[in-house]
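What follows is the residue order along each chain.
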Amino acid sequence: MASCINFIYFVSVFQRLPQRGSIGPRFFDSLANSSLLKRCKKKLVNLADFHHNASKRATASAQHSPDTPSDDTDSHSASDDEAVTEQGEGPALEKTKFQTSAEFHQRLVKLYQTFILWIDEPRLHEASLYLPALPPQYDADKLLKILHNEQTIWSEFIDVDRIEYENAQFVSLWVKESKATHYGDLRRPSLLCEPDPDTIESRIMSRLNHYEEPKEAPGIVASKAPVPEITMETLNNSNAMLGELDCDLKTLVEYAGLFNNREANHIAVDCNFMDILPDLYYHKPVEVSLQIPCKSNFNPNHVCGGPATTILRYREMTLNSINARKIDENREEYKQLIQDSMSPPPMAVCSGAVHLENAITALIQCVRDKSLEERKRLPAYQTGVELFYNLAAESDDDIRHYPPTRQFFSTCLEILGQEFIRDAPEQSTTLLSVLLEKPVLAGQLAQNFVPNACSESFADMYDQVARLPPEESDLAFMLLTKFDVTKWLKESKPTLSLRSKLAISIGSALCRCGKKPAEKILMLFEMYRSHLQLILMYQFPDHYGDVLRILLQGSEKSQMSADCWNDLLKSLGCTYNRHEGADMDQQRIKCLIQTQSLLSKDQIKETIEWLTTYFSKLRVSSVDVARFGLYANWRPYIKPLSNFLGFLSQTYIVKEAERVISIGIGIEQAIDQLWSVTCELFTPWIVTIETLTTTGSQLVSPWLEGDSCLATDMVALFTESVMCLQVQFKDILPHYTRDALSLFWPYYVNVLSHKGVVDHILRVYHARFIVLPWAQFYPRLDAVELMLKLHEESSGSCFIFLGCIFPQMNWVEIVEHYARNETPEVASRLHVALLLLCIMFAKEKTLITTNVEMQTLLSKAESFQWAYVDSNSFENIIQWQLNHCDPDSVLSQRRGMEDRGLSLLRAAGGFGQDITISADTPRKRCMYIRCVVQMICKCSHSKEIKTESFKMAITDLMHDIESTACAAVDTNAMVPELIDMLVEVLNLLNNCAPSGRAIEIVERTVIEWIGSNPSSVLILPCITAACRTLASLTHMAIMVEACMDAYFNSGLDLSQFGGWSGILEKLQVPQLTHEEFLEECMKTGSYLTLYTYILQQLPACQSLNDELKVLSKLVNWTLAAKPGQDSESKLLLWWAKAMELCVRQVNFGAPHQYVIKALNTLAPTLNTMGEDKASAGLLGAIGLGRRSALSLRFRLVCRSFLSFILAQIPGNSFLRTQPHAPAAISKRHRAPLPNQPDVYPTPRALQALASLEALHNNKQYAGLRDSAYLASAFVSDPANSLKDATKLIALLANNLYPDKHYLAILRTELYK
């Protein structure tokens, strides 16, 4: 058997997994199984050793006695041989012990050794094993069979000889035993004969004679029946029946109580045992003295001084004898309780149960097979009813706890109830009272409760059940399952009052469940809901008002669940879906509401009126409600209630609109009526009201900020109702008539958004109202004016809301309609209001930056017909802009988002293309310019604003003025208007902050613009504007000079008086500060301005003295002038005019001394200006003076003019005024004349000429050499006299300053 077991073992170990090898190593990897492998190997080693030793013994025995049995061979005993021989039954069988051959043992040794190798070699379990490569001792053939799970028998390892031997022995033994039995029967034939009957009988009788004599039989005693019989009299008398069974019931109750006491004692004993058991042992401190002898393992001769004494202290577990005794007593008591509990019940208990069962059986037999009416007439029927209720009364806690009595009583009650209670309608009320008094019997008695059998008491019984407290919800649910309301309504057809009573009971029950029913009463709550729905839908709408009133009253007290409202909506067909923000198609609304509603139009109207009255009174019913709003108490119901209100209002709107539209009469009245109904319905929920307090009137909000999310639903439904009303009458009435939006807007402004409405209320309004179809709103003038009122009297968020909806309206069409169909006064009022609104919107940066539609509208608004806006209204709008808008908005880039307001004002003021010009346009333009200027001035006082940003705004103003002038048909006619506008612009220099760089930036910007636009028509008007408006003479001088510079660089036709005639008309020198102005012109280098002043003064001269004064001014100005390279050429105008005045003095007979004095005064200055380096000071004296800042050509002009005027003064009293006059400075006449010895060129004149001629070879003047030759030739020409001085200046101006157009007036001298 060992080889078979090992075969099975290796088949399991070498079982292969696909591509993963054997499972055996995995089994032995765990610590729990690793020892098994060692035991298997050890067992195989022992088997191999055993068979190896057996092989040796077999070989030795065969060698010792090959033909003789071994010593241990058994033979039959002599007695057995003799016994067999005596019988004569053939030869005796020789029984010897079988000896297994040595070859068989050697085969097994080899097998077990192979098994050991298989265990030791783990590689045999690998999936990549190659069997032919194994050594012979691994026996690859057998291993292959193991791997293939071949179940063939290895017959070479079965000892067949032993099996044959043992079979022969068994056959021999069987033959021996069978023969011995056969031979024995033959030797005892008497045993096969039948016995003698007489002998048997005699033996029996003799045996019986040895017993005692039998006694007489006992007498018959009548026994009492263990269970009394139930008589008919007892069955017909309920009191007798109950009296007879009373003892039995008491016995059952007492025995059940006894069982419960035993159980309680058992529990107490076990608890006491558990309490004592932890203290059965305790830790006892123990102290032991231990002697430790001394012995050295290294030094045998060491002598110990004595053992060491060590004290061991520890705590020993010790039995607590007292607790042990208590536990023994406890267990004895436990055993006694077990023994008592396992004892059978007394006979009285069994007989009492049987007696009660017999009584019930007898009662049933009396009434069975009879109709209900017949049963009720039988006394036994009443006895059964009384017995039923008596058993229910006796069924206490002990009876129900003891399983046998519980089962027995349950069975009895079930049988009695089925026969006597269930089919009796009059028993329903009594049974319900029993159930309510003893809820624990509900499971046994409720099956007999049939409330539908008693139709009249149905509602009363339902009310009793519904009044059960929440802790008895299971009983209530069990009983309510017996109330089939549907069957009661259909079959009993109760009256309206009964149904209403039931509905009130259900409503009270729902209120007791609470607004959030607990999980344990959830099923009961669901049943109440379903019953209320059945009442509602039965003969609808009989109980519609009752149910609605129940819901409202319960919700007002916060006792009703919101699911009940959802049930109402579902029952009415109000599967309401929001259309907020969607396109509410008219047909879609009809299909959605009209086809699903159970309510007629009149019923809906009545409901709306009733709800309006209810909530309106509730809103002001108390101070707390008025202060905190309805949402505080109605929070759980807002969602379904808002849907209900929306359903009612929109359904009513759809049905009423359909009726009115079909008849086509009274549409506007219908719209008003529908609007009034809708507003009144939602007013208690969304409108801020005014209440009276001890301190006066006070505004109270419809909801608190924490209730905003709830109010959102209500406001959303109101919004959808307005939208529904708008959609229903869309395209029915023409625009600008009464529609929902035209009614809503005054309601919003006057009722919803007036002062005192808090922000959290407005946020909810605006979030919902923005989805209304404002594109369909065509406001009348009063509506537009209400928009202005909204800004003045409401919160800023209201105006932001208006800004969100404002661009949705088709203002292009609206404006065209008023311009085309209304009177000019109405159109003007509309445009004024619209312009102010747009300006107000442009002020709101957040609105402009986030609302693309508003940006688009403001852009379109620039093309509106703003000519309707009169100047007074425009001035008011400008003033509003200045008072309310941030001044830095003017600094934004043109057409920037923050500049929309100014852009619109610009268009309304008359700037831009395709502008309609009116009589007020010039004034409006000036107002606009003034507005921008004042805003820039305000910015100049702010330190946070960079003054560099002023440039763009100022440049835009100048371009606007220029474009206006260019667009005019008659530019000359616009000059006064241009001057007025430029006056406003130049007021910047008067009103900007004096500190900082604001004035500098403004001045520079204007000058740069003038310089970059020389051809502009604003140049000459700007001169007049500067003279009129600038308070600073410095700014005036600079501005006028810049305009003149630009004017002469414009490239215009300057043939008429060199272009100076226009300038002479525009320059207006201030009279009160005449001299100061001239001084500022000198300081600022405004030489053209001074020249213009001279031109203006000359016509006023009445005498030579007056002209001499002008000449003196020119000379003095030259002496004081400090020109630069950009202004040096302007001095040529002075000198030319001075020479002209000198010639006039000579021509009109003035003394030459005045002219000579003026020329001599002028000469040093010319000499200084003509030097290449400064000669003043010590460094100038030694030739190291500072290089001249003047240009080479101007120095050439100075030297030429100096040389010429000195050549015309040969003496202190002589002046060359005629051609070829004496003392010419020519080379031929440089010596004095013989006839005039005192008249000759002065050394200064000669020196000046020499200095001029020295320029011919000066490298610096190489580019001006031709002009130098020309000048020296002109000076040396004796034909030239003082009268030719202007010609010289003109010649030099023409050659050296051809780009200076203001010198064109001098060039006319060349053509004389």
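Predicted model, so just to flag it, every value in this text is computed and none were measured. (Residues numbered from 1 in each chain as written. Predicted model: local features only at pLDDT ≥ 70, side-chain atom pairs only at ≥ 80, totals over all residues. Heavy atoms only, no water.)

## Section: the environment of Tyr-748
Part 1: Considering the arrangement of structural elements, one finds Tyr-748 in helix H33 (residues 740–752).
Part 2: Looking at Tyr-748, the relative accessible area reads 0%, which means it is buried.
Part 3: Taking the C-alpha atoms as reference points, Tyr-748 and Leu-790, 42 residues apart in sequence, are found 9.4 Å from one another.
Part 4: Apart from residues no more than four positions distant in its own chain, Tyr-748 is found in contact with Ser-753, His-766, Phe-769, Leu-790, Cys-798 and Phe-801. (Helix = DSSP H or I, 4+ residues; strand = E, 2+ residues; numbered from the N terminus. Buried < 20%, exposed > 50% of the residue type's maximum accessible area, 1.4 Å probe, protein only. Contact = heavy atoms within 4.5 Å.)

## Focus: the packing of helix H35 (residues 781–793) against helix H38 (residues 824–843)
Part 1: Interhelical geometry of H35 versus H38 gives an angle of 30° and a closest axis separation of 10 Å. In this structure, H35 crosses over H38, and the sense of that crossing is left-handed. On the side of H35, the interface is formed by Leu-781, Val-784, Glu-785, Met-787, Leu-788 and His-791, while H38 contributes Val-826, Arg-829, Leu-830, Ala-833, Leu-836, Leu-837 and Met-840. (Axes fitted to C-alpha atoms, helices over the stretch in contact; angles between N-to-C directions. Left-handed = near helix turned anticlockwise from the far one by under 90°.)

## Some points on the confidence of the model for the chain
Regions with low pLDDT carry predicted coordinates that are not meant to be interpreted in detail.
Part 1: Per-chain confidence: the chain averages 83 in pLDDT, with 90% of residues scoring 70 or above.
Part 2: Throughout residues 66–95 the model reports pLDDT below 50, and contacts reaching past four residues in sequence, or to other chains, amount to 25 contacts.
Part 3: The low-confidence segment residues 181–195, where pLDDT is below 50, has four contacts with residues more than four positions distant or belonging to other chains. (pLDDT = per-residue confidence, 0-100.)

## A closer look at the packing of helix H52 (residues 1104–1120) against helix H53 (residues 1131–1147)
Part 1: The N-to-C vectors of H52 and H53 enclose an angle of 150°; their axes lie 9 Å apart at closest approach. The orientation of H52 relative to H53 falls into the category roughly antiparallel. Our pair here, H52 against H53, has a crossing hand that is left-handed. Across the interface between the two elements, Leu-1104, Glu-1107, Leu-1108, Val-1110, Leu-1111, Leu-1114, Trp-1117 and Thr-1118 of H52 pack against Trp-1134, Trp-1135, Lys-1137, Ala-1138, Leu-1141, Cys-1142, Arg-1144 and Gln-1145 of H53.
Part 2: Among the residues forming the contact of H52 with H53, the class breakdown is eleven nonpolar, two polar and three charged. (Parallel < 35°, antiparallel > 145°, perpendicular 65-115°, else oblique. Nonpolar A, V, L, I, M, F, W, Y, C, P; charged D, E, K, R; others polar.)

## Here we look at the nonpolar core
Part 1: Counting residues in each nonpolar core, the largest one holds 355 residues, and the members touching the most others are Trp-634, Trp-745 and Trp-1135.
Part 2: The leading source of residues in this core is H38, at twelve residues.
Part 3: Setting aside residues up to four positions removed in sequence, Trp-1135 forms contacts with Thr-1118, Leu-1162, Leu-1166, Met-1169, Phe-1194, Val-1197, Cys-1198, Phe-1201 and Ile-1289.
Part 4: Phe-115, Ile-116, Ile-146 and Trp-154 belong to the second-largest nonpolar core, a separate cluster that totals 27 residues. (Core = buried A, V, L, I, M, F, W, Y, C linked by side-chain atoms within 4.5 Å.)

## A closer look at the pattern of salt bridges
Part 1: Across all of its chains, the model carries 42 salt bridges by this definition.
Part 2: It is possible to trace a salt-bridge network through shared partners that takes in Glu-948, Lys-951, Arg-997, Glu-1000, Arg-1004 and Glu-1008. (Salt bridge = Lys/Arg side-chain N within 4 Å of Asp/Glu carboxyl O.)

## A short note on unusual backbone geometry
Part 1: Omega for the peptide link from Phe-540 to Pro-541 comes to 10°, which places this bond in the cis form.
Part 2: Following the sequence through the fold, Pro-541 ends up in the loop between helix H23 (522–537) and helix H24 (544–556).
Part 3: Positive phi, close to 50°, is recorded for Gln-539, a residue that is not glycine.
Part 4: Position of Gln-539 relative to the elements: it lies in the loop between H23 and H24.

## Thoughts on helix H14 (residues 379–394)
Part 1: Across its 16 residues, H14 extends 22 Å between first and last C-alpha, which sits within 8% of the 22 Å expected from 1.5 Å per residue.
Part 2: Along H14, the residues classified as buried are Ala-380, Tyr-381, Thr-383, Gly-384, Val-385, Leu-387, Phe-388, Tyr-389, Leu-391 and Ala-392. (Expected span 1.5 Å × (residues − 1).)

## Here we look at H52
Part 1: In a regular helix each residue adds 1.5 Å, so 17 residues correspond to 24 Å; H52 covers 24 Å between its end C-alpha atoms and thus fits that length.
Part 2: Those residues of H52 that are buried lie in contact with helix H50 (1074–1084), helix H51 (1087–1097), H53 and helix H54 (1152–1170).

## A short note on the side chain of His-760
Part 1: Note on placement: His-760 falls in helix H34 (residues 759–769).
Part 2: A distance of 3.4 Å separates the side chain of His-760 from the backbone nitrogen of Glu-705, its partner in a polar contact.
Part 3: In contact with His-760, not counting residues within four places along its chain, are Trp-703, Leu-704, Glu-705 and Ser-708. (Polar contact = N/O pair within 3.5 Å; in protein donor to acceptor, adjacent residues only side chain to side chain.)

## Some words on a nonpolar patch on the surface
Part 1: A cluster of nonpolar side chains, contributed by Ile-200, Ile-204, Met-205, Leu-208 and Tyr-211, occupies part of the molecular surface with about 480 Å² of accessible area.
Part 2: Its location among the elements puts Tyr-211 in the loop between helix H8 (197–208) and helix H9 (232–236).
Part 3: Residue classification places Tyr-211 among the exposed residues on the basis of a relative accessible area of 57%. (Patch = residues over 30% accessible without salt bridge, like charges linked within 9 Å, V, L, I, M, F, W, Y side chains within 5 Å. Areas by Shrake-Rupley, 256 points an atom, 1.4 Å probe, with all protein chains shown as cover.)

## Let's talk about the packing of aromatic side chains
The geometry of an aromatic ring pair is captured by two quantities: the separation of the ring centres and the angle between the planes.
Part 1: As enumerated under the stated definition, the model contains 58 aromatic pairs in all.
Part 2: Summarising the aromatic geometry, the rings of Trp-675 and Phe-744 are spaced 6.3 Å apart at their centres and angled 90° between planes, so their arrangement reads as edge-to-face. Of this pair, Trp-675 sits in helix H31 (residues 667–686) while Phe-744 sits in helix H33, placing them 69 residues apart in sequence.
Part 3: Overall, Trp-675 belongs to the buried group, its relative accessible area being 10%.
Part 4: Judged by its relative accessible area of 0%, Phe-744 falls in the buried class. (Phe/Tyr/Trp six-rings, centres within 6.5 Å; stacked < 30°, edge-to-face > 60°.)

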